[in-house]
Amino acid sequence: MNRRWLVNRTNPEYIQYLSKAASISPVLAQILVNRGINTPEAITSYLNPHISQLSDPFEIEGMKKAVERIREASLKAEKVLVHGDYDADGITAAAILLKALKMLGIDVLYFIPNRMEHGYGFNPASVKKAKQAGASLIITVDCGITSFETAALCKKVGIDVIITDHHEPAEACGTERRGDVEAGGKEDSCRQGFPPSRLRKFRLPDAVAVINPKISGIQSPVCDLSGAGIAFKVAHALALSADTDDPGSEVHDLLDLAALGTMADVVPLTNENRLIVKEGLKLIHRGTRPGLQALKMVSGIEGKGLKPGLLMFTVIPRINAAGRISDANDVVRLFLAESEDEAAGLAVWLDKLNSERQQTEEEVYQQALALLNHKGVGPVIVLSSEGWHKGVIGIVASRIAEMFKRPAVIFSIEEGLARGSARSIPAFDLYAAITECREFLRRFGGHKQAAGLELEVRHIDSFEKEMRRIADERLSEKDFLTSLEIDADVDFPDIGFELAEELGMLEPFGFGNPEPLLGSKGLEVLYPRIVKDRHLKMKLRQKSLSLDAIGFDMAAVLDKIEGSSTVDAVFTPTVNEWDGSRYLQLNLKAMRPSR
């Protein structure tokens, strides 16, 4: 009820032109314009995605060198180590690259760091394992872009390194520069926060190749790829470089893993990410990978319609659970498993770990809320305590940022060091702010909306003070308010089965490609009632036309609209099927008395 309602509007003549030229409804035309898809050609391409629309992986800087070095390893029968990360993106990225290298007949092993023992990122423990195994090449996935010391160690011991990552590279500026190699590029949509004309230079690890779209500064469909997405591009490039009739078919079966990593890392579901997830969801639904099929079973979603929102709250937390409170190496084994029995056993293990994770998370969350209640809410929330499990502080930071609409940094203190996870709100570039606080930090990394960092306990107060100063400068009161962006104003005669089916063409929905929201004013509420103690059900009537409506978890809204002659509503039209019949239903997102 306290959110700002913002309705998007465009020149009506242009909307009518797009509607006729692309053979779509004016409502869908308005929604697409809101998302920057504003020509008939772009609309046709967007509404008819195909795997053939994947961009050429060799357009990514460093890809040619990486493929040449991997091919050399294959020809010389070298052993290769894949270094992953312990979250769902890093785990799926590792599995993708392992499968791709095995297709080349390469003797490959992998290393996933333990969060408690090794911490995040490409670290010396990985080099030690590679040396002991006789590996002459290490390929990182979802990490390594700022691992200067570890890359230097590899060079010292005679191991080549290929870095593949999607996180922000360290910027080379004045005396603060660190590292061995520079890359330059003009600013664009790959990185926000600097003038477009500025030539930026990055400090890169000393490696055979560094694959990260953010270092080129060239606007492209791959700017926002996840770690798994970039691993898929490497696999695609390797397939294209092979002498086969249909290289695309060799990597198509990896799209389920790429989709999982993409959804898990909450990157925008636009451009290539949308295509990866759309195609990958088809494979996940088919259940051809034993590990994923077993995860669906223990998550209780087998047979259900699979969408990003459902997977984000079922399968993906179970994948992440091992890295949060145990060891994630066996999750890679789950994705590589060919035996249904082996996959089922590992999935049950993950399900149990996830239950333990939920309990630990809730305990830390309640303690953090109590501490915040005592401390008070500022423009940035910084909380710290000894004993908080490092594996759940990221989730706790997300929940607190969501609840209080403030950037949140949660630290776990141990032996004089504070290791933290930070989450932001849309208006605040977290990585840029933390970069300005680097004088207090031992290390940090991340991107605009999420980051990890480490500092000595004695610097926590100074760090918090500086973060508050930055937030005070860059945020206004309206940035702390959530807004409801309404894609189009509609009348009930515009809403039908055809429109609901048109909206389905925009899927998959997620970050960067939200479910479209429509709005109508002056509606009569008929037969309102609460169902299952939490949900609000009713009919809404505009003039002589009425439609069923349901608001999930909106029971509290009933008291706020009672007594109003008419209401305004925000909703998404859906088609429900029940007992052989189909009917339209409005999925309510917000309601208020008409103004």
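See above for the structure.
What counts and what doesn't
Residues numbered from 1 in each chain as written. Predicted model: local features only at pLDDT ≥ 70, side-chain atom pairs only at ≥ 80, totals over all residues. Heavy atoms only, no water. Phe/Tyr/Trp six-rings, centres within 6.5 Å; stacked < 30°, edge-to-face > 60°. Helix = DSSP H or I, 4+ residues; strand = E, 2+ residues; numbered from the N terminus. Buried < 20%, exposed > 50% of the residue type's maximum accessible area, 1.4 Å probe, protein only. Lys NZ or Arg CZ within 6 Å of the ring centre and 35° of its normal. Core = buried A, V, L, I, M, F, W, Y, C linked by side-chain atoms within 4.5 Å. Contact = heavy atoms within 4.5 Å. Pairing = 2+ DSSP bridges. Axes fitted to C-alpha atoms, helices over the stretch in contact; angles between N-to-C directions. Salt bridge = Lys/Arg side-chain N within 4 Å of Asp/Glu carboxyl O.

Moving on to the packing of aromatic side chains. On inspection of all chains with the given rule, the structure shows four aromatic pairs. Seen from their ring centres, tyrosine 14 and tyrosine 17 are 5.6 Å apart, and the 40 degrees between their planes marks the pair as tilted. On the criterion of helical spacing, the pair formed by tyrosine 14 and tyrosine 17 is a turn pair, its members being three residues apart in helix α1 (residues 12-22). What makes tyrosine 17 partly exposed here is its relative accessible area of 43%. Seen in terms of ring centroids, tyrosine 431 and phenylalanine 444 are 5.8 Å apart; in terms of plane orientation they differ by 50 degrees. Their pairing is tilted. With tyrosine 431 in helix α18 (residues 430-436) and phenylalanine 444 in strand β13 (residues 441-446), this residue pair connects regions lying 13 residues apart in the sequence. Accessibility classification places tyrosine 431 together with phenylalanine 444 in one group, the buried group. Its end group placed over the ring of tyrosine 365, arginine 399 keeps NZ or CZ at 3.7 Å from the ring centre. Here the guanidinium or amino end of arginine 592 rests over the ring plane of tryptophan 5, the centre of that ring lying 4.0 Å away.

The next point concerns the nonpolar core. In this structure, Ile70, Leu101 and Phe335 are the most contacted members of the largest nonpolar core, which totals 81 residues. In terms of residue count, the dominant contributor to this core is helix α5 (residues 88-103) (ten residues). For isoleucine 70, the contacting residues outside a window of four places in its chain are Leu101, Leu104, Ile106, Leu137, Ile139, Ile162, Val234 and Leu238. If you look at the next biggest cluster of nonpolar residues, it comprises 41 residues, including Leu18, Phe509, Leu536 and Met554.

What follows covers the sheet that holds β13. Spatially, β10-β11-β12-β14-β13 is the arrangement adopted by the five strands of the open sheet, whose pairing is mixed. Of all strands in the sheet, those bounded by a partner on one side alone are β10 (381-386) and β13. Each neighbouring strand pair of the sheet contributes to a mean axis angle of 15 degrees, computed without reference to strand direction. Both strand β12 (residues 417-423) and strand β14 (residues 450-456) contribute to a ladder of seven bridges, which runs antiparallel. When the bridges of β14 are listed, arginine 423 appears paired with alanine 450. Where helix α17 (residues 393-404) meets the sheet, its contacts fall on β10, β11 (408-414) and β12, and the angle it forms with β12 comes to roughly 45 degrees.

This brings us to unusual backbone geometry. Here glutamate 507 and proline 508 are connected by a cis peptide whose omega angle stands at 5 degrees. In this fold, proline 508 is placed in the loop between α20 (497-504) and β17 (518-531). Phi at aspartate 142 takes a positive value of approximately 65 degrees, unusual for a residue other than glycine. Within the secondary structure, aspartate 142 sits in the loop between β4 (135-140) and α7 (148-157).

Time to look at the pattern of salt bridges. Scanning all chains against the criterion turns up 37 salt bridges. Taking the shortest distance from any N to any O, the salt bridge between arginine 399 and glutamate 362 comes out at 3.2 Å. Placement of the pair is arginine 399 in helix α17 and glutamate 362 in helix α16 (residues 340-375), with a sequence separation of 37 residues. The exposure class of arginine 399 is partly exposed, given its relative accessible area of 28%. One continuous salt-bridge network, built from bridges that share partners, spans Arg357, Glu361, Glu362 and Arg399.

Moving on to the sheet that holds strand β3 (residues 107-111). Strand order in the open sheet formed by five strands is β3-β2-β4-β5-β9, and the pairing between neighbours is parallel. Only two strands of the sheet have a single partner each, and these edge strands are β3 and β9 (209-211). Direction aside, the axes of adjacent strands within the sheet are offset by 20 degrees on average. As paired strands, strand β2 (residues 79-83) and β3 are joined by five bridges and run parallel to one another. Paired with leucine 81 across the bridge in β3 is leucine 109.

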